[in-house]
Amino acid sequence: MTQDEMKRAAALAAIDYIPDDCIVGVGTGSTANHFIDALAGCKGRIVGAVSSSEASVARLKGHGIAVFDLNGIDRLPVYVDGADEINHQLQMIKGGGAALTREKIVAAVAERFICIADESKYVTVLGQFPLPVEVIPMARSHVARELVRLGGHPAYREGVLTDNGNIILDVHGLRIAEPAKLEAEINQIVGVVTNGIFARRRADVLLLGTRDGVRTYR
Ligand code: ABF
(Lines give C-alpha, C1' and ligand atoms only; values in the text may rest on other atoms or scores of the structure.)
Protein backbone atom coordinates (compact mmCIF):
# COMPACT_ATOMS: atom_id res chain seq x y z
CA MET A 1 0.00 0.00 0.00
CA THR A 2 1.41 3.42 -0.91
CA GLN A 3 1.39 6.44 1.38
CA ASP A 4 -1.27 8.03 -0.83
CA GLU A 5 -3.46 4.92 -0.60
CA MET A 6 -3.19 5.05 3.21
CA LYS A 7 -4.21 8.75 3.15
CA ARG A 8 -7.17 7.90 0.93
CA ALA A 9 -8.30 5.03 3.18
CA ALA A 10 -8.26 7.33 6.22
CA ALA A 11 -10.19 10.00 4.29
CA LEU A 12 -12.87 7.52 3.19
CA ALA A 13 -13.28 6.30 6.79
CA ALA A 14 -14.07 9.88 7.87
CA ILE A 15 -17.27 9.87 5.80
CA ASP A 16 -18.90 7.66 8.50
CA TYR A 17 -18.44 10.52 11.01
CA ILE A 18 -20.48 13.04 8.98
CA PRO A 19 -24.02 13.52 10.31
CA ASP A 20 -26.86 13.97 7.80
CA ASP A 21 -28.03 17.50 6.91
CA CYS A 22 -25.01 19.27 8.43
CA ILE A 23 -22.38 21.74 7.31
CA VAL A 24 -18.98 20.02 7.35
CA GLY A 25 -15.68 21.70 8.22
CA VAL A 26 -13.10 20.78 5.59
CA GLY A 27 -9.33 21.10 5.84
CA THR A 28 -6.43 21.45 3.45
CA GLY A 29 -3.76 19.22 1.92
CA SER A 30 -3.53 15.99 -0.02
CA THR A 31 -5.35 13.89 2.62
CA ALA A 32 -8.12 16.51 2.91
CA ASN A 33 -8.35 16.49 -0.90
CA HIS A 34 -9.19 12.77 -0.77
CA PHE A 35 -11.85 13.60 1.81
CA ILE A 36 -13.34 16.33 -0.41
CA ASP A 37 -13.50 13.89 -3.32
CA ALA A 38 -15.22 11.30 -1.10
CA LEU A 39 -17.64 13.95 0.18
CA ALA A 40 -18.68 14.64 -3.40
CA GLY A 41 -20.03 11.08 -3.54
CA CYS A 42 -22.52 11.78 -0.74
CA LYS A 43 -23.12 15.51 -1.22
CA GLY A 44 -26.89 14.92 -1.35
CA ARG A 45 -26.98 14.22 2.38
CA ILE A 46 -25.05 17.33 3.56
CA VAL A 47 -25.98 21.01 3.42
CA GLY A 48 -22.48 22.12 2.43
CA ALA A 49 -19.05 22.93 3.83
CA VAL A 50 -16.88 25.59 5.40
CA SER A 51 -13.27 25.48 4.34
CA SER A 52 -9.87 26.30 5.82
CA SER A 53 -8.27 27.49 2.56
CA GLU A 54 -8.93 29.01 -0.85
CA ALA A 55 -7.52 25.83 -2.44
CA SER A 56 -10.11 23.65 -0.70
CA VAL A 57 -12.89 26.14 -1.54
CA ALA A 58 -12.03 25.72 -5.22
CA ARG A 59 -12.01 21.92 -4.97
CA LEU A 60 -15.32 21.84 -3.07
CA LYS A 61 -16.99 24.17 -5.58
CA GLY A 62 -15.56 22.09 -8.43
CA HIS A 63 -17.59 19.17 -7.05
CA GLY A 64 -20.73 21.33 -6.76
CA ILE A 65 -20.60 21.42 -2.94
CA ALA A 66 -21.94 24.69 -1.45
CA VAL A 67 -19.33 26.61 0.55
CA PHE A 68 -20.45 28.78 3.48
CA ASP A 69 -18.75 31.65 5.33
CA LEU A 70 -17.84 30.58 8.87
CA ASN A 71 -19.37 33.81 10.24
CA GLY A 72 -22.74 32.89 8.77
CA ILE A 73 -23.24 29.56 10.55
CA ASP A 74 -24.41 28.76 14.10
CA ARG A 75 -22.67 25.48 14.67
CA LEU A 76 -20.20 23.14 13.06
CA PRO A 77 -20.65 19.52 14.22
CA VAL A 78 -17.47 18.20 12.65
CA TYR A 79 -14.15 19.28 11.11
CA VAL A 80 -12.05 16.84 9.06
CA ASP A 81 -8.41 17.66 8.31
CA GLY A 82 -4.93 16.17 7.98
CA ALA A 83 -1.79 16.82 10.00
CA ASP A 84 1.97 16.94 9.54
CA GLU A 85 2.56 15.09 12.82
CA ILE A 86 0.21 13.75 15.49
CA ASN A 87 1.23 12.33 18.87
CA HIS A 88 -0.43 9.71 21.07
CA GLN A 89 -2.42 12.42 22.91
CA LEU A 90 -3.79 13.51 19.49
CA GLN A 91 -1.91 16.82 19.65
CA MET A 92 -0.62 17.90 16.25
CA ILE A 93 1.76 19.96 14.17
CA LYS A 94 -0.12 21.45 11.22
CA GLY A 95 0.58 24.13 8.67
CA GLY A 96 2.88 22.45 6.19
CA GLY A 97 0.41 23.69 3.59
CA ALA A 98 0.49 27.24 5.08
CA ALA A 99 -3.22 27.17 6.03
CA LEU A 100 -2.67 26.84 9.80
CA THR A 101 -4.48 29.97 10.97
CA ARG A 102 -7.72 29.25 9.12
CA GLU A 103 -7.40 25.60 10.14
CA LYS A 104 -7.12 26.62 13.79
CA ILE A 105 -10.12 28.93 13.52
CA VAL A 106 -12.35 26.27 11.95
CA ALA A 107 -11.09 23.67 14.45
CA ALA A 108 -11.94 26.03 17.32
CA VAL A 109 -15.54 26.31 16.16
CA ALA A 110 -16.00 22.59 15.46
CA GLU A 111 -17.62 20.35 18.06
CA ARG A 112 -15.53 17.39 16.88
CA PHE A 113 -12.15 17.33 15.09
CA ILE A 114 -11.47 14.20 13.05
CA CYS A 115 -7.82 13.97 12.01
CA ILE A 116 -7.07 11.85 8.93
CA ALA A 117 -3.48 10.79 8.28
CA ASP A 118 -1.22 8.03 7.05
CA GLU A 119 0.95 6.09 9.50
CA SER A 120 4.09 8.17 8.83
CA LYS A 121 2.47 11.08 10.72
CA TYR A 122 2.03 9.20 14.03
CA VAL A 123 4.88 10.11 16.43
CA THR A 124 5.79 9.88 20.11
CA VAL A 125 7.17 13.43 20.39
CA LEU A 126 6.27 16.35 18.11
CA GLY A 127 8.99 18.43 16.45
CA GLN A 128 10.75 16.37 13.84
CA PHE A 129 8.56 18.19 11.28
CA PRO A 130 9.56 21.90 11.27
CA LEU A 131 6.94 23.93 13.15
CA PRO A 132 5.19 26.49 10.88
CA VAL A 133 4.53 29.91 12.40
CA GLU A 134 2.41 32.51 10.54
CA VAL A 135 3.86 36.00 11.03
CA ILE A 136 2.88 39.56 10.07
CA PRO A 137 5.51 40.43 7.39
CA MET A 138 7.05 43.48 9.16
CA ALA A 139 7.67 41.38 12.32
CA ARG A 140 9.63 38.64 10.54
CA SER A 141 13.11 39.38 11.97
CA HIS A 142 11.83 40.14 15.47
CA VAL A 143 9.83 36.90 15.62
CA ALA A 144 12.77 34.91 14.22
CA ARG A 145 15.03 36.23 17.01
CA GLU A 146 12.46 35.33 19.66
CA LEU A 147 12.10 31.80 18.22
CA VAL A 148 15.88 31.37 18.45
CA ARG A 149 15.61 32.35 22.15
CA LEU A 150 13.13 29.49 22.57
CA GLY A 151 15.72 27.06 21.16
CA GLY A 152 14.52 26.82 17.56
CA HIS A 153 16.12 27.45 14.18
CA PRO A 154 13.60 29.42 12.11
CA ALA A 155 13.74 29.40 8.31
CA TYR A 156 11.82 31.86 6.15
CA ARG A 157 9.57 29.97 3.69
CA GLU A 158 10.59 31.91 0.57
CA GLY A 159 7.96 32.81 -1.98
CA VAL A 160 4.98 31.82 0.19
CA LEU A 161 2.24 34.20 1.29
CA THR A 162 -0.66 32.78 3.29
CA ASP A 163 -4.33 33.27 2.33
CA ASN A 164 -4.22 36.06 4.96
CA GLY A 165 -1.28 37.87 3.29
CA ASN A 166 1.32 36.86 5.89
CA ILE A 167 4.63 34.96 5.79
CA ILE A 168 5.61 31.59 7.28
CA LEU A 169 8.66 30.80 9.43
CA ASP A 170 9.41 27.06 9.71
CA VAL A 171 11.10 26.31 13.02
CA HIS A 172 13.58 23.42 12.95
CA GLY A 173 15.26 21.67 15.84
CA LEU A 174 12.45 21.73 18.40
CA ARG A 175 11.70 18.71 20.56
CA ILE A 176 8.21 19.59 21.73
CA ALA A 177 7.82 17.83 25.07
CA GLU A 178 5.08 20.16 26.33
CA PRO A 179 3.01 21.12 23.28
CA ALA A 180 0.34 23.20 25.04
CA LYS A 181 2.98 25.29 26.86
CA LEU A 182 5.03 25.99 23.73
CA GLU A 183 1.87 26.74 21.73
CA ALA A 184 0.97 29.48 24.23
CA GLU A 185 4.54 30.84 24.48
CA ILE A 186 4.95 31.26 20.72
CA ASN A 187 1.54 32.89 20.42
CA GLN A 188 2.69 35.51 22.97
CA ILE A 189 5.42 36.81 20.62
CA VAL A 190 4.28 40.11 19.13
CA GLY A 191 3.82 39.72 15.38
CA VAL A 192 2.87 36.04 15.49
CA VAL A 193 -0.57 35.38 14.03
CA THR A 194 -0.61 31.78 15.16
CA ASN A 195 1.60 28.70 15.27
CA GLY A 196 1.06 25.19 13.98
CA ILE A 197 0.88 23.40 17.36
CA PHE A 198 -2.67 22.16 17.85
CA ALA A 199 -2.54 21.10 21.51
CA ARG A 200 -5.08 23.32 23.21
CA ARG A 201 -7.52 22.18 20.55
CA ARG A 202 -6.31 18.67 19.78
CA ALA A 203 -8.09 16.12 17.61
CA ASP A 204 -10.97 14.15 19.13
CA VAL A 205 -10.53 11.18 16.81
CA LEU A 206 -7.57 10.04 14.70
CA LEU A 207 -8.23 7.84 11.67
CA LEU A 208 -4.80 6.49 10.81
CA GLY A 209 -4.26 4.80 7.46
CA THR A 210 -1.81 1.91 7.93
CA ARG A 211 -0.64 -1.07 5.89
CA ASP A 212 -3.06 -3.19 7.98
CA GLY A 213 -6.07 -0.94 7.47
CA VAL A 214 -7.46 2.15 9.18
CA ARG A 215 -6.88 2.35 12.95
CA THR A 216 -9.05 4.55 15.15
CA TYR A 217 -7.65 6.41 18.17
CA ARG A 218 -9.64 8.60 20.59
C1 ABF B 1 -3.10 20.21 6.34
O2 ABF B 1 -2.37 19.61 5.29
C3 ABF B 1 -2.09 20.64 7.24
O4 ABF B 1 -2.25 21.38 8.32
C5 ABF B 1 -0.92 19.87 7.05
O6 ABF B 1 0.07 20.84 6.91
C7 ABF B 1 -1.13 19.21 5.75
C8 ABF B 1 -1.03 17.73 5.73
O9 ABF B 1 -0.68 17.43 4.45
P10 ABF B 1 -1.03 16.16 3.66
O11 ABF B 1 -2.42 15.74 3.97
O12 ABF B 1 -0.86 16.61 2.24
O13 ABF B 1 -0.01 15.14 4.06
O14 ABF B 1 -3.95 19.31 6.89
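For the structure itself, consult the block above.
Procedures and definitions
Residues numbered from 1 in each chain as written. Predicted model: local features only at pLDDT ≥ 70, side-chain atom pairs only at ≥ 80, totals over all residues. Heavy atoms only, no water. Helix = DSSP H or I, 4+ residues; strand = E, 2+ residues; numbered from the N terminus. Buried < 20%, exposed > 50% of the residue type's maximum accessible area, 1.4 Å probe, protein only. Contact = heavy atoms within 4.5 Å. Areas by Shrake-Rupley, 256 points an atom, 1.4 Å probe, with all protein chains shown as cover. Lys, Arg positive; Asp, Glu negative; His and termini not counted. Charge placed at Lys NZ, Arg CZ, Asp CG, Glu CD. Core = buried A, V, L, I, M, F, W, Y, C linked by side-chain atoms within 4.5 Å. Pairing = 2+ DSSP bridges. Axes fitted to C-alpha atoms, helices over the stretch in contact; angles between N-to-C directions. Near = heavy atom within 4 Å. Polar contact = N/O pair within 3.5 Å; in protein donor to acceptor, adjacent residues only side chain to side chain. Nonpolar A, V, L, I, M, F, W, Y, C, P; charged D, E, K, R; others polar. Right-handed = clockwise from strand over helix to strand, strands pointing away. Patch = residues over 30% accessible without salt bridge, like charges linked within 9 Å, V, L, I, M, F, W, Y side chains within 5 Å. Salt bridge = Lys/Arg side-chain N within 4 Å of Asp/Glu carboxyl O. Phe/Tyr/Trp six-rings, centres within 6.5 Å; stacked < 30°, edge-to-face > 60°. Lys NZ or Arg CZ within 6 Å of the ring centre and 35° of its normal.

Student: Hey, could you run me through the overall build of the chain in this one?
Tutor: Looking only at helices and strands, one finds six helices and 13 strands in the chain. A principal-axis box enclosing the C-alpha atoms of the chain has dimensions of 50 × 40 × 30 Å. Classification of the 218 residues of the chain by burial places 53% in the buried group. Within the chain, residue pairs in contact and separated by at least 24 positions form 73% of the contacts whose partners lie at least 6 positions apart. Of the roughly 9,800 Å² of accessible surface on the chain, 49% is carried by carbon and sulfur atoms. In the chain, which carries 24 positive and 26 negative side-chain charges, the distance between the mean positions of the two groups comes to 2 Å.

Student: Sorry if this is basic, but what is going on with the nonpolar core here?
Tutor: Note that soluble globular proteins tend to have their nonpolar side chains buried in a common cluster. Ranked by internal contacts, the top residues of the largest apolar core, which has 26 residues, are Phe-35 and Leu-39. Looking at this core, the elements that each hand over two or more residues are helix H1 (3–14), strand E1 (23–26), helix H2 (30–40), strand E3 (78–81), strand E6 (113–118) and strand E12 (205–210). It is H2 that provides the largest number of residues to this core, a total of five residues. What Phe-35 contacts, discounting residues up to four positions off in sequence, is Ala-11, Ala-14, Ile-15, Ile-18, Val-24, Val-26, Val-80 and Ile-116.

Student: Would you take a moment to explain the environment of Val-106 for this structure?
Tutor: Relative to the helices and strands, Val-106 is located in helix H4 (residues 100–109). Taking the relative accessible area as the measure of exposure, Val-106 reaches 3% and is therefore buried. Residues Val-106 and Val-80, spaced 26 residues apart in sequence, show a C-alpha to C-alpha distance of 9.9 Å.

Student: What's the story with the sheet that holds E3 in this structure? I'm lost.
Tutor: Neighbouring strands of a sheet are bound in pairs by backbone hydrogen bonds; such pairs are parallel or else antiparallel. Here six strands make up an open sheet; going across it, the order is E2-E1-E3-E6-E12-E13 and the pairing mixed. Every interior strand has two partners, whereas the edge strands, strand E2 (48–51) and strand E13 (213–217), have only one. For this sheet, the mean inter-axis angle between neighbouring strands, taken without regard to orientation, is 25 degrees. As judged from the five bridges shared by E6 and E12, these two strands associate in the parallel manner. Looking across to E12, one finds that Cys-115 is bridged to Leu-206.

Student: Is there a simple way to explain the site of the ligand in this structure?
Tutor: Lining the immediate surroundings of the ligand are 15 residues, of which Ser-30, Thr-31, Asp-84, Gly-96 and Glu-103 lie closest. The backbone of Gly-96 places a nitrogen or oxygen atom 2.7 Å from an oxygen atom of the ligand. Protein chains shield 91% of the accessible area of the ligand, which is 360 Å² for the free molecule. Looking at side-chain class alone, the shell around the ligand contains one nonpolar, eight polar and six charged residues.

Student: Looking at this structure, I do not really get the pairing of E2. What am I missing?
Tutor: If a strand is regular, its side chains alternate between the two faces of the sheet. Residues of E2 alternate between two faces, with Gly-48 and Val-50 on one and Ala-49 and Ser-51 on the opposite face, all of them buried. Note that E1 and E2 share four bridges and pair parallel. Bridge pairing links Gly-25 to Val-50 in E2. Handedness of the E1-H2-E2 crossover: right-handed.

Student: Even after reading the chapter, I still don't get the environment of Ile-168, so can you show me in this structure?
Tutor: Following the sequence through the fold, Ile-168 ends up in strand E9 (residues 167–172). It is 11 Å that separates the C-alpha atoms of Ile-168 and Pro-130, two residues lying 38 residues apart in sequence. Not counting the four nearest positions on each side in its chain, Ile-168 is found in contact with Ala-98, Leu-100, Pro-132, Val-133, Glu-134, Ala-155, Tyr-156, Arg-157, Val-160 and Thr-162.

Student: How should a nonpolar patch on the surface be read in this particular structure?
Tutor: Nonpolar side chains collect at one region of the surface, where Ile-136, Met-138 and Val-193 lie side by side and expose about 310 Å² of accessible area between them. Positionally, Met-138 belongs in the loop between strand E7 (131–135) and helix H5 (140–149).

Student: I tried to follow the packing of aromatic side chains on my own but got confused; where do I start?
Tutor: Any pair of aromatic rings gets described here by the distance separating the centres and the angle formed by the planes. One pass over the full model with this rule turns up two aromatic pairs. Summarising the aromatic geometry, the rings of Tyr-79 and Phe-113 are spaced 5.1 Å apart at their centres and angled 65 degrees between planes, so their arrangement reads as edge-to-face. Of the two residues, Tyr-79 sits in strand E3 while Phe-113 sits in strand E6, which places them 34 residues apart along the sequence. The two residues Tyr-79 and Phe-113 agree in class, both being buried. For the cation-ring pair, Arg-140 lies above Tyr-156, with the distance from its terminal atom to the ring centre recorded as 4.3 Å.

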